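Examining the three-dimensional arrangement
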Amino acid sequence: MNAATFSALAEPHRLHIVELLTEHPLTVGEIAERLQIRQPQASKHLKVLSDAGLIEVEAIANRRVCSLRPEPFQDMDDWLKRYRQLWEDRFDRLDTYLQELQKEKDTSTPSQDPEKPSGGTP
C-alpha cells in the first residue's frame, strides 16, 4: 500500500474528485464546476492525484479528460482485506462470548411454570 495514496485522498477536494470520477470520466472544467472551484485549483488537485497514480489524464483536442485508474484502488482493497478479516474475527469472538453470557444468564435464572401464577396464593 502506497502512503501517497492516503496523502492524496486526505484532502477533501481530492477525495470529492475521486468520488465524482467513480461515475464516469470528466474534464478538468467539469470537475472545477462541480466542486465550485477555479480551474487552476482543480488542476493542482488533479496533479496530486495523478502523481499518486490514482487518475490518468488524457488530452483530447484542447480538453483534458480525467479518469480513475483501477489498480491503486485494488491495492487499497487488498490492503484493507487484512483489517477487515481482523475485525470480522474479533466480532465473531464477541458474538460467541455474548452467546455464552446469555446462556449463563438463562441457566442461572429460575424458570417459572407458565401454569402457576407468580406471587400470590395458588
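Given the structure is predicted, the values throughout are model-derived calculations rather than measurements.

Some thoughts on the overall build of the chain
Broken down by element type, the chain carries 5 helices and 3 strands. N-terminal to C-terminal, the α/β element order of the chain is α-α-β-α-α-β-β-α. The long-range share in the chain, meaning contacts at least 24 apart out of those at least 6 apart in sequence, stands at 48%.

Focus on the nonpolar core
In terms of nonpolar packing, the biggest core is built from 20 residues, with Ile-17, Leu-21, Ile-31, Leu-46, Leu-49 and Leu-54 touching the most fellow members. Ignoring anything within four residues of it in the chain, the contact list for Leu-54 reads Thr-5, Ala-8, Leu-9, Leu-49, Ser-67, Leu-68, Arg-69, Pro-72 and Phe-73.

So, the sheet that holds strand 1 (residues 26-27)
As summarised here, the arrangement of the 3 strands in space is 1-3-2, forming an open sheet in which the pairing is antiparallel. Pairing within the sheet leaves two strands with one partner each, and these edge strands are strand 1 and strand 2 (55-60). Pairing of strand 1 with strand 3 (residues 63-68) involves 2 bridges; the strand directions are antiparallel. Looking across to strand 3, one finds that Leu-26 is bridged to Cys-66. Packing against the sheet, helix 2 (residues 12-21) makes contact with strand 1, strand 2 and strand 3, and its axis sits at approximately 85 degrees to strand 3.

Focus: helix 4 (residues 39-51)
A rise of 1.5 Å per residue sets the reference length of helix 4, with its 13 residues, at 18 Å; its end C-alpha atoms lie 18 Å apart and thus fit the reference within 8%. All buried positions along helix 4 are accounted for by Ala-42, His-45, Leu-46 and Leu-49. Seen along its axis, helix 4 keeps its buried residues to an arc of 100 degrees; they face one direction. Those residues of helix 4 that are exposed and angled more than 90 degrees off the buried face are Lys-44, Lys-47 and Asp-51. Structurally, helix 4 contributes buried residues whose contacts are with helix 1 (3-9), helix 2, helix 3 (28-35), strand 2 and strand 3.

Things to note about the pairing of strand 2
Both strand 2 and strand 3 contribute to a ladder of 6 bridges, which runs antiparallel. The residue bridging Ile-55 from the neighbouring strand is Leu-68, located in strand 3. What sits between strand 2 and strand 3 in their antiparallel hairpin is a turn of 2 residues, with Ala-61 showing a positive phi close to 55 degrees.

Regarding the side chain of Ser-67
Along the chain, the position of Ser-67 falls in strand 3. When neighbours within four sequence positions are excluded, Ser-67 is seen to be in contact with Leu-21, Pro-25, Leu-54, Ile-55 and Glu-56.

Reading the values: the criteria
- Numbering of residues starts from 1 in each chain and follows the order in which that chain's sequence is written.
- The model is predicted, so local features are restricted to residues of pLDDT at least 70 and side-chain atom pairs to those at 80 or more, both for listing and for counting; the totals for chains, interfaces and linings are taken over all residues.
- The side-chain figures draw on all heavy atoms in the structure; neither hydrogens nor water molecules are used.
- By the criteria applied, helices consist of DSSP H or I runs no shorter than four residues and strands consist of E runs no shorter than two, each listed in order from the N terminus.
- The contact criterion used throughout is that any non-hydrogen atoms of two residues lie within 4.5 Å.
- Residues belong to a common nonpolar core when they are buried Ala, Val, Leu, Ile, Met, Phe, Trp, Tyr or Cys residues joined through side-chain atoms within 4.5 Å.
- Working definition: with a 1.4 Å probe on protein chains only, accessible area under 20% of the residue-type maximum means buried, over 50% means exposed, and in between means partly exposed.
- Note: two strands are recorded as paired if DSSP finds a minimum of 2 bridges between them.
- Only the stretch in contact is used when a helix axis is fitted, and all axes are lines through C-alpha atoms; the angle between N-to-C directions ranges over 0 to 180 degrees.
- Working rule for helices: expected span equals 1.5 Å times residues minus one.
- The directions considered for the arc run from the helix axis to the C-beta atoms.

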